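# Secondary and tertiary structure notes
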Amino acid sequence: MPAWTGPLERVAEAVWEIPQDYKGQRGDLSMRVPGRIITTERLIEGIRADNAAEQVANVASLPGIVGASLAMPDIHWGYGFPVGGVAATDADEGVISPGGVGFDINCGMRLIRTDLTRSDLKGHEKRLVDVLFRDIPCGLGSKGRVRLNVKDLDGPLLEGARWAVAAGYGWEDDTRHMEEGGRIAGADPSKVSEKALKRAAPQIGSLGSGNHFLEIQRVGKILDKEAAHAFGFDRPDQVAIMIHTGSRGFGHQVCSDYLERFEANEKRHGIKLIDPQLACAPASSRDAADYYAAHCAAINFAFANRQMITHWTRSAFQEVLGMPAEDMGMHTVYDLAHNIVKKETHDVEGKRRELFVHRKGATRSFGPDHPDVPAPYRSVGQPVIVPGSMGTASYLLKGSPGAMKLTFGSSCHGAGRRLSRTMARKTWRGEKLVAELAAMDVTLKADSHEGAAEEAPGAYKDVDEVVRAAALAGITAPVVQFRPVAVIKG
Amino acid sequence: MPFHVFEHTADIGIDVEAPSLDELFADAARGLFAVVRGENVVDPVGFFQVGAKAQSLDRLLVNFLDEFIFLQDAEGVVFRDVSEVRVAEKGGEWSVSANATAEPFSHEKHPGCLHVKATTRHAMSVEPPTGGEPARAHLIFDV
């Protein structure tokens, strides 16, 4: 892909702007707001390498977009919207776009803490990954352990993680430490197609494949003692678990269904788009309302999914280490979405406005005192969970007040890919990667060696620099750095 | 080879060239199946009749390939081949029908399959054959 050569000016610490008068690569772009990318000099070359910045500019042309078309430091090229993009549209006059959420609706992260230290796992690593791999379905064709019929799906689609807890998966306390309490209002299963339901039923309670994983980690560094303590981490080598997965084929089908419907109705809505993948509908339209309701069903499905995987993670630790999960302090720290659109109220130029905030490969990042931050964390700020890649660091951050001013309360979601899957498979041999990780004291169990190679650390951007950029811009601050101990992936 | 797999940062795409629309759609499906199964062997154990409709040719190709992706998840199968692919247009409405063979997915027999989750329209093009030039398609799958 040729490098992007458009205009990018540094306007503040770690904030770079694409000016509103930029006309795009074809010369016919009409931006309604500027583009703003949270980044550092070190990351800019990578950003220019894959044309994601052009997508930031394209998103700025959407009707009703407010403030700026934003991009987080882990930005990379996506479908229409860049991955790592944030776009807020006016709730009355603006549009809703499925591309601003992504195919994998509520792809997101769960972080679980423990009272264990690395030494407690010594000698148990292989058995832990084997039991986790046995109990948590992952990979293509992975079917959930729970056999639900299509007609049984109302529970997870309407009640999300709360359905899962009521069904015996996990603890009630889990939902108090989740974005939206593990259940977003507004879901309507009748707005979901039969096809989406048929993809959902066999896949509930499964990890999936690609870059989805479950990683056992240890605290590498505590970077903010007070916030780390509030989040449940007090010492180096303390064990944690990160889970990365979403709404599986269900979310993909919802997105595909509504992209087709929005494309077909674009003329009726009088919307002309610079890129067909920005397919959207006026927020006030029936099309947008139906998508939002179906998307909320997918949000809840993913919350239920991560809740069930949390339950099986606890049972795996219990089986291998011989102690109840409660005695190991295996509480949910937080669970959040990084592909979502939400109706939120934000200050825009001194006025309170209702907006649809699209976060695609970006997380919510609310600062201290926000009422939506769980009470135990309110003095500190919302936890923000940022996975790196296998063999590299992951981070727990806290939301900062600057995020509300700069990014509609948003921050980065991960490291972002640097290399294609094909290049990664050519560069690393899976078997060698498993051995290299073992030499770093990291145990990997993957569904295939090829799948492992695709997720090699070198295939991803520098997560340390991504986190640094977000901190420099004042949207999040680092709290804990984690190092991997063991990984399972599909 | 009737299709060529190309790299993409987070996903994977195919370029297809064929003398007719029927064969273009058939080879695009074969490209999808090859991307999914990799080096694995898939036997023709099961049989599906697949169809799709759309208001445009490129949306038709998306819908056609998405049918296989849907069946892959809903039925738990890996596809082997297509035949009897027929593309038609009447009064501005496009349709396609095909027969396909597949096998239930098995971790032991089909390790390392790539889980394609959707066909995207990013940078997509579908061109019917014209003036001696073959039909062509360029598209990217979400993985």
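What follows concerns the sheet that holds strand E3 (residues 46-54) of chain B. All names here are of chain B. Read from one edge of the open sheet, three strands run E3-E5-E4, paired in antiparallel fashion. Every other strand in the sheet has two partners, leaving E3 and strand E4 (77-90) as the edge strands with one partner each. Across the sheet, the axes of successive neighbouring strands diverge by a mean angle of 20 degrees, strand direction being ignored. Contacting E3, E4 and strand E5 (93-104), helix H2 (residues 57-76) crosses the sheet at an angle of about 145 degrees to E3.

This next bit is on the nonpolar core. Counting residues in hydrophobic clusters, the biggest one holds 80 residues, and the most contacted among them are Leu121(A), Leu214(A), Ile216(A), Phe250(A), Val254(A), Tyr291(A) and Phe317(A). With 18 residues, the single largest contributor to this core is helix H9 (residues 286-321) of chain A. Discounting residues that sit within four places of it in the chain, Phe250(A) has contacts with Leu157(A), Val192(A), Ala196(A), Leu197(A), Arg199(A), Ala200(A), Gln203(A), Ala297(A), Ala298(A) and Phe301(A). Among the nonpolar cores identified, the runner-up in size contains 54 residues, and Ala18(B), Ala29(B), Trp94(B) and Leu114(B) belong to it.

On to the environment of Val357(A). Residue position: Val357(A) is located in strand E13 (residues 351-360). Separated by 275 residues in sequence, Val357(A) and Pro82(A) have C-alpha atoms that sit 15 Å apart.

Residues and elements named next belong to chain B. Spanning 17 residues, helix H1 (residues 21-37) covers 24 Å between terminal C-alpha atoms, matching the ideal 24 Å at 1.5 Å per step. Of all 17 residues making up H1, 13 are buried, and the element is well covered by its neighbours. Immediately beyond the C-terminal end of H1, within one or two residues, lies Gly-38, with a positive phi of roughly 60 degrees.

Okay, the pattern of salt bridges next. Once the charged atoms of two side chains with opposite charge are near each other, the side chains can pair. Residues and elements named next belong to chain A. Tallied over the full model, the rule gives 46 salt bridges over all chains. A salt bridge links Arg-353 to Asp-90; its shortest N-O distance comes to 2.8 Å. Taken together, the residues span a long stretch of sequence, with Arg-353 in strand E13 and Asp-90 in strand E5 (residues 83-90) at a distance of 263 residues. Between Asp-290 and Lys-191 there is a salt bridge; the shortest N-O distance is 3.5 Å. Here Asp-290 is found in helix H9, whereas its partner Lys-191 is found in the loop between helix H5 (172-175) and helix H6 (194-200), with 99 residues between them in sequence. What makes Lys-191 partly exposed here is its relative accessible area of 26%. One salt-bridge network, in which partners are shared between bridges, spans Lys-191, Arg-261, Arg-268, Arg-286, Asp-287 and Asp-290.

Our focus in this paragraph is the sheet that holds strand E4 (residues 69-76) of chain A. Sheets are built from strands that pair by backbone hydrogen bonding, the pairs being arranged parallel or antiparallel. Residue and element names in this part refer to chain A. With mixed pairing, the seven strands of this open sheet are ordered in space as E1-E2-E3-E4-E5-E13-E12. Strand pairing shows two members of the sheet lacking a second neighbour, strand E1 (9-12) and strand E12 (339-348), which therefore form its edges. Neighbour to neighbour, the strand axes of the sheet diverge by 30 degrees on average, direction disregarded. Where strand E3 (residues 35-38) meets E4, three bridges bridge the pair, whose relative direction is parallel. Note on E4: the bridge partner recorded for Arg-36 is Leu-70. Taken strand by strand, H9 contacts E12 and E13, and its axis lies near 115 degrees from that of E12.

Calculation notes
Residues numbered from 1 in each chain as written. Chains lettered and ligands numbered in written order. Predicted model: local features only at pLDDT ≥ 70, side-chain atom pairs only at ≥ 80, totals over all residues. Heavy atoms only, no water. Pairing = 2+ DSSP bridges. Helix = DSSP H or I, 4+ residues; strand = E, 2+ residues; numbered from the N terminus. Axes fitted to C-alpha atoms, helices over the stretch in contact; angles between N-to-C directions. Contact = heavy atoms within 4.5 Å. Core = buried A, V, L, I, M, F, W, Y, C linked by side-chain atoms within 4.5 Å. Buried < 20%, exposed > 50% of the residue type's maximum accessible area, 1.4 Å probe, protein only. Expected span 1.5 Å × (residues − 1). Salt bridge = Lys/Arg side-chain N within 4 Å of Asp/Glu carboxyl O.

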